[in-house]
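Examining the three-dimensional arrangement
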Amino acid sequence: MCFFRWLEQVGITSHPGGWAATERLLSLLKPKPDDLAVELGCGFGRTLAYAARKFSVQVVGVDLMPALASKACSRLKSERLRGFTIAADICRLPFRDETFTVAWAESVFVFLPKPEAFVEAARVLKPKGRFGMVELTWRDEPHPHYCEQTKEFLGVERYEVLTIQEWVSMFRSSGFSVEVAEKMPSHAPPSPLHQWLSDFWDLARLGVGLARQLPAQRWLEGAQKIFNLFRYTVPAIFIVVKVG
């Protein structure tokens, strides 16, 4: 079963760096009430709702999986926040050119074709629009075998971790200038106890949910993949601006 179908059935999404990375990302993006913001790969809408609530910004969520987009929309409605969601391919967004002033993504672009996905993100942003991303990068030297093995295990078409320099080059070739490119120290940076517990609970639910859908003989393989995730990679945060 494809990883994204797993997420639909498990009912939880998580990303490298946890909530500390999310707060850092949005604090750097600084969305304003008059912005129109889009999250690419919104999952169940946790970050989407948080941004709408904290920054009083109108939001649009995009996710490939209809069930995830629907649940994110329900979350916005239940909290009476400004915004909506749509199920769509990030590489073929159903929006006009220069629609949004702010965009972000968390642990999405490792799964997407590059630079096509970045070019599409640039297309829907207004000139000087800001794009933020939390994504994996290599802790030290690259380990291409890890990407290939993880891609096969997850059942996805792509899984490509880049170096900080490669991510930066990808942004620049897609029409962005880079303001921030910072590597986080670990997958679990220091955060308030309640938030750390929330991140831990999300990961535990995700792990148990996925384990229930895997044959028992693949549990050890899955544990090895998680170990290698922490061994070879760390999260990184990027803030870029569309040139123009």
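Heads up: the structure comes first, above all this text.
This is a predicted model, so every value here is computed, not measured. (Residues numbered from 1 in each chain as written. Predicted model: local features only at pLDDT ≥ 70, side-chain atom pairs only at ≥ 80, totals over all residues. Heavy atoms only, no water.)

1. Details of the overall build of the protein chain
The helix and strand inventory of the protein chain stands at nine helices and seven strands. When each of the 244 residues of the protein chain is scored for burial, the buried share is 52%. Sequence separation of 24 or more characterises 81% of the internal contacts of the protein chain that already satisfy a separation of 6 or more. When the accessible surface of the protein chain is totalled, it reaches about 11,700 Å², and 57% of it is carbon and sulfur. (Helix = DSSP H or I, 4+ residues; strand = E, 2+ residues; numbered from the N terminus. Buried < 20%, exposed > 50% of the residue type's maximum accessible area, 1.4 Å probe, protein only. Contact = heavy atoms within 4.5 Å. Areas by Shrake-Rupley, 256 points an atom, 1.4 Å probe, with all protein chains shown as cover.)

2. Structural notes on the side chain of Ser107
Mapped onto the elements of the fold, Ser107 is located in the loop between strand 4 (100-106) and helix 5 (116-124). Under the relative-accessibility criterion, Ser107 is labelled buried at 18%.

3. What about the environment of Arg53?
Among the secondary structure elements, Arg53 is positioned in helix 3 (residues 46-55). Expressed as a C-alpha distance, the spacing of Arg53 and Glu79, which sit 26 residues apart in the sequence, is 8.5 Å. Leave out the neighbours within four places in its chain, and Arg53 touches Glu79 and Leu81. Side-chain polar atoms of Arg53 contact the side chain of Glu79, separated by 2.5 Å. (Polar contact = N/O pair within 3.5 Å; in protein donor to acceptor, adjacent residues only side chain to side chain.)

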